[in-house]
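The chain contents come next:
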Amino acid sequence: MPELPEVETTRRGIAPHISGQRIRRVVIRQPRLRWPIPDDLPQLLKGRKLLSVARRGKYLLLVFHHGTLIMHLGMSGSLRIVEADAAVQKHDHFELQLSNGSQLRLRDPRRFGAVLWTGQAVTDHPLLAALGPEPLDEAFDGDYLHDCGKNRRSSIKQLIMDGKTVVGVGNIYACESLFRAAIHPTRPCNRISIQRYRTLAEEIREVLAEAVTQGGTTLRDFLNGDGKPGYFAQSLRVYGRAGEPCPGCGNPIRNKTLAQRSTFYCPTCQH
DNA sequence: CAAAGGTCCTGCTCGC
DNA sequence: TGCGAGCAGGACCTTT
């Protein structure tokens, strides 16, 4: 479900409600997510003050003095701030009850998400240690991307969706940035000029930044921490638009499966 | 044959 | 031959 813009929108939505609060109680209803939720979390967090909410790629980081709660939303996860008396819904697997009476709830029907704890520096955690740069950081540019791809024969779409290359680009924004850069999704990485890599890096940054501004993309059910949808869906040029006219040339947008992921592109404009 | 916004893990192939 | 990197596919789940 959520890519960088949706995770960042979630972060911004929940942070003001939970930063500075103390944890009154931790409830684990369903520990079996992608990895089990650590069963000692309740005693680990009880009475502790939540300092801030950060993000690394698609991971949300709830920062405490003595460590960090690492959360991932997987394909179908969402985080909401609710009142203490709000009814518990199906797939509400985890919650933090806060000193101000409200709660942070994780809902995740498919259970591909994760709730983990580290008492060490987050950057040392195995899931985060090997991640590539943030797309909106200085370190991410066309020269870097070209370096990543110059010796690879697999497709450019797979390269930019690989978190070791760059974080936060999922299926939607991979399709969108490739369309904007006029690069065909299946083009082998080692057959793209550095000039085109520069364009692509720029388009990735732009599409993500625009999507963050619009509160992310709501396709079916994404809502931010305040329960509001994102508005970037209306700005999508190819994703989910198979058969519709390409905004560039008017020919129909195509949808093909690539590496087991639905891929939208214009066969005329993208090469 | 269903597809959905993620990504780790395994076991294979490829090139030096 | 051996090694490491790259690569494809499977796995994990539920809902529409």
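Residues numbered from 1 in each chain as written. Chains lettered and ligands numbered in written order. Predicted model: local features only at pLDDT ≥ 70, side-chain atom pairs only at ≥ 80, totals over all residues. Heavy atoms only, no water.

An unreviewed UniProt entry lists chain A under the name Formamidopyrimidine-DNA glycosylase, with Candidatus Thiodiazotropha taylori given as the organism. Per UniProt, chain A has the following entry under Sequence similarities (unreviewed entry): "Belongs to the FPG family." Recorded in UniProt for chain A, the comment headed Subunit (unreviewed entry) runs: "Monomer." (UniProt positions renumbered as here; feature names shortened; annotations may be inferred.)

## Overview of the packing of aromatic side chains
To describe a pair of aromatic rings, one takes the distance between the centres and the angle between the planes. What the rule picks out here adds up to 4 aromatic pairs. Seen from their ring centres, Phe64 and Trp117 are 5.9 Å apart, and the 55 degrees between their planes marks the pair as tilted. Here Phe64 is found in strand β3 (residues 59-64), whereas its partner Trp117 is found in strand β8 (residues 114-118), with 53 residues between them in sequence. Take Phe64 and Trp117: they sit in the same class, and that class is buried. A ring pair is formed by Phe140 and Tyr144, whose centres lie 6.2 Å apart and whose planes are at 65 degrees; its orientation type is edge-to-face. On the accessibility criterion, Phe140 (1% relative accessible area) is buried. By relative accessible area, which is 24% here, Tyr144 ends up partly exposed. (Phe/Tyr/Trp six-rings, centres within 6.5 Å; stacked < 30°, edge-to-face > 60°. Helix = DSSP H or I, 4+ residues; strand = E, 2+ residues; numbered from the N terminus. Buried < 20%, exposed > 50% of the residue type's maximum accessible area, 1.4 Å probe, protein only.)

## Some words on the protein's contact with DNA strand C
Lining the immediate environment of DNA strand C, one finds Lys90, His91, Pro109, Arg110, Arg111, Phe112, Arg152, Arg153, Ser154, Gln158 and Gln260. When atoms of DNA strand C within 4 Å of the protein are sorted by moiety, sugar and phosphate together comprise 58%. Measuring from a phosphate oxygen of DNA strand C, one finds a side-chain N or O atom of Lys90 at 3.0 Å. A distance of 3.3 Å separates a sugar or linking oxygen of DNA strand C from a polar backbone atom of Pro109. (Near = heavy atom within 4 Å. Polar contact = N/O pair within 3.5 Å; in protein donor to acceptor, adjacent residues only side chain to side chain.)

## Quick word on helix α4 (residues 142-149)
Three- or four-residue spacings in an α-helix give side chains the same orientation, since the helix completes a turn every 3.6 residues. Taken as a whole, α4 has its buried residues at Gly142, Leu145, Cys148 and Gly149. Each buried residue of α4 lies within a common arc of 120 degrees when the element is viewed along its axis, so the set occupies one face. Along its buried surface, α4 packs onto α5 (156-161) and α7 (194-213). At the N-terminal end of α4, a side-chain oxygen is found 3.2 Å from the backbone nitrogen of Asp143, two or three residues along, and the residue is Asp141. (Arc of directions from axis to C-beta. Contact = heavy atoms within 4.5 Å.)

## Section: the UniProt feature "binding site: DNA" (unreviewed entry) in chain A
Look at the UniProt record and you will see "binding site: DNA" (unreviewed entry) annotated at His91, Arg110 and Arg152. Across 62 residues, the annotated set is spatially dispersed, with a maximum C-alpha separation of 40.1 Å. Following the sequence through the fold, His91 ends up in the loop between β5 (78-83) and β6 (92-98). Sequence-distant contacts of His91, that is, excluding residues within four places in its chain, are made with Leu106, Arg107, Asp108 and Pro109. Turning to its location among the elements, Arg152 is positioned in the loop between α4 and α5. For Arg152, a relative accessible area of 33% gives the class partly exposed. If we skip the residues at most four places from it in the chain, Arg152 touches Leu159, Asp162, Thr165, Cys189 and Asn190.

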